[in-house]
Amino acid sequence: MSHDTPASSRLVGTPLWLERSSLPWLVTAFGGLSIAGLVGWWLAFADTIGATAYLTTLLSIGVPAVGLGWGGHRLTESDIDESRYGRVCKWCFGGAVAFLAVNMLSIVFFPADSVAANTTWAHFALNTGAVGGFAVGYVEARAIQREVEATAATVRARQLEDEQELLAYLNDLLRHEVLNSSQIIGGHATLLQAECDREAVRDRLETIERESDNLVGVIEDVRAMLDANRGPQSGTAVDLVAVLEAQLLEYRTRFDDVDIEADLPETAHVSANEGVKWIFANLLENAIEHNEGRARVRVTAERGPETVVVRVADDGPGIAEADRETLFERRSTNHGLGLYLSRILANRYGGGVELVETGPDGSVFGVTLQRAASTDADVDAAERSQ
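Remember, predicted model here, so these are calculated numbers, not experimental data.

K.L.:
What exactly am I supposed to notice about the pattern of salt bridges here?
P.N.:
Two side chains of opposite charge can pair, provided their charged atoms sit close to one another. Tallied over the full model, the rule gives seven salt bridges. Among the salt bridges present, the one from Arg 254 reaches Glu 250, with a minimum N-O distance of 3.8 Å. You can see Arg 254 and its partner Glu 250 sitting in helix α6 (residues 240–254), four residues apart, about one turn around the helix. By relative accessible area, Glu 250 is classed as partly exposed at 37%. Among the salt bridges present, the one from Asp 263 reaches Arg 298, with a minimum N-O distance of 3.8 Å. On the criterion of sequence distance, the pair formed by Asp 263 in strand β2 (residues 259–263) and Arg 298 in strand β4 (residues 296–303) is long-range, its members being 35 residues apart. It is possible to trace a salt-bridge network through shared partners that takes in Glu 261, Asp 263, Arg 296 and Arg 298.

Next comes the structure, spelled out in structure tokens:
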């Protein structure tokens, strides 16, 4: 916590020692002065006091004074906001003055039998009042701080809930309205191409279909980013094997000229939500589209004690060395998010994605995700695999 006081936190011309960040040091200085006063009392009355008086005043005045000095330092190191330093100091010095005033009445009307006893009595009252006041002020300031933080946390949670609702609405809007409309436009353009004989019209219909497909891709990317922004809720688990099998089935259907192999465990639950599928959709798309011949892709998953590691390997031409450092950065030449989205999602779920190896014989990408709490299915599968 920084205790540098900005110029706006004090009036122009305010002495440095009255700045908020300096107030705790007044408490420390008070403790130091109390110790100095005690030493001065010892020296002044050295001829009239005995060992018992030395020990008594050391315990009743010296030790609390040291504690008061430490308390001022502790205040600067605490999480209490600087705006409440003044209140703590008011309690400290107000307690000192109030307790001294009460005891001064007793000293005036019922004095002790010596000047040494009266002065140490007054010193004890001043010191005790300061220590007690500081303790009350510190506890009160901590209580106020916790209340403020709890209120702020509640407000943040409420704002986050509202944002999540908005994101869910935008996701549904993209899915049911914009995406459906774009697909309908593309579908009608395809049908008109089959029925139209005019070359110029066919060219324009092809443009409509192509741009419609691009728009669908952008919408899918935006939806994926919305899913990523939601992140997994506490305790949310997804069976990664089921997600991978669904993705592999989809790509086998879309690309009948691609050989896709898989070596997966029966289950592998990870801490994520349904947006995790976009990680592997982009990796599979990348593996297929950059292969000029008949592509071959192999997907494997290995379940560890705390993580699940998935590898996507292809037999493409490899990735040029100049492109490797920026492989997972966002591209500015088009709207496609691709590997950048895979990285964002993996990070969002507390994992990561990396290029494991690449060369003329192909590339291997690795995805690491945090394993969710074990389920009964996980336990059964682990026992069967042993």
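Read on, since the account is not over.
K.L.:
Where do I start with the side chain of Asn 118 in this structure?
P.N.:
Following the sequence through the fold, Asn 118 ends up in helix α4 (residues 115–195). Apart from residues no more than four positions distant in its own chain, Asn 118 is found in contact with Ile 107, Pro 111 and Ala 112.

K.L.:
Got a minute to help me understand the pairing of strand β5 (residues 307–314) in this structure?
P.N.:
The side chains of a regular strand alternate between both faces of the sheet. On β5, burial follows the alternation: Val 308, Val 310, Val 312 and Asp 314 on one face are buried, whereas Thr 307, Val 309, Arg 311 and Ala 313 on the facing-out side are not. When β4 meets β5, the two strands line up antiparallel, connected through seven bridges. When the bridges of β5 are listed, Val 299 appears paired with Val 312. Turn length for the β4-β5 hairpin, with the two strands adjacent in sequence and antiparallel, is three residues. Relative to strand β7 (residues 362–370), β5 is paired through seven bridges, and the arrangement is antiparallel. Counted as the bridge partner of Arg 311 is Gly 366 from β7.

K.L.:
I keep staring at the nonpolar core and nothing clicks. Help me out?
P.N.:
Most often, soluble globular proteins have nonpolar side chains that are buried together. Of all hydrophobic cores here, the largest spans 40 residues; its most connected members are Val 276, Ile 279 and Phe 280. Those elements giving two or more residues to this core turn out to be α6, α7 (277–289), β4, β5, α9 (338–348) and β7. Sort the elements by how many residues they give to this core and α7 lands first, with eight residues. Once residues lying within four places of it in the same chain are set aside, the contact partners of Phe 280 are Leu 240, Leu 244, Val 310, Val 367 and Leu 369. Counting residues in each nonpolar core, the second largest holds 15 residues, with Leu 23, Val 27, Cys 89 and Tyr 138 among its members.

K.L.:
Help me out: how do you make sense of the pairing of β7 in this one?
P.N.:
Counted residue by residue, β7 has seven buried out of nine residues, so it is predominantly covered. Across seven bridges, the pairing between strand β6 (residues 352–359) and β7 is antiparallel. Of the residues in β7, the one forming a bridge with Gly 352 is Thr 368. The turn linking β6 back onto β7 is made up of two residues.

K.L.:
Explanation requested: the packing of aromatic side chains in the structure shown.
P.N.:
Aromatic ring pairs are described here by two measures, namely the spacing of the ring centres and the angle between the planes. Evaluated as defined, the whole model comprises six aromatic pairs. Residues Trp 42 and Tyr 54 carry aromatic rings whose centres are separated by 5.6 Å and whose planes lie at 55 degrees to one another, so their mutual orientation is tilted. With Trp 42 in helix α1 (residues 23–44) and Tyr 54 in helix α2 (residues 51–77), the pair connects residues that are twelve residues apart, well separated along the chain. Ring plane angle 85 degrees and centroid distance 6.1 Å describe the contact between Phe 328 and Phe 365, whose orientation is recorded as edge-to-face. One end of the pair, Phe 328, is in the loop between α8 (321–324) and α9; the other, Phe 365, is in strand β7, with 37 residues separating them in the sequence. Here the two residues Phe 328 and Phe 365 agree in accessibility, since each one is buried.

Each value, and the rule that gives it
Residues numbered from 1 in each chain as written. Predicted model: local features only at pLDDT ≥ 70, side-chain atom pairs only at ≥ 80, totals over all residues. Heavy atoms only, no water. Salt bridge = Lys/Arg side-chain N within 4 Å of Asp/Glu carboxyl O. Helix = DSSP H or I, 4+ residues; strand = E, 2+ residues; numbered from the N terminus. Buried < 20%, exposed > 50% of the residue type's maximum accessible area, 1.4 Å probe, protein only. Contact = heavy atoms within 4.5 Å. Pairing = 2+ DSSP bridges. Core = buried A, V, L, I, M, F, W, Y, C linked by side-chain atoms within 4.5 Å. Phe/Tyr/Trp six-rings, centres within 6.5 Å; stacked < 30°, edge-to-face > 60°.

It is worth stressing that arrangement in space is one thing and function is another; only the former is reported here.
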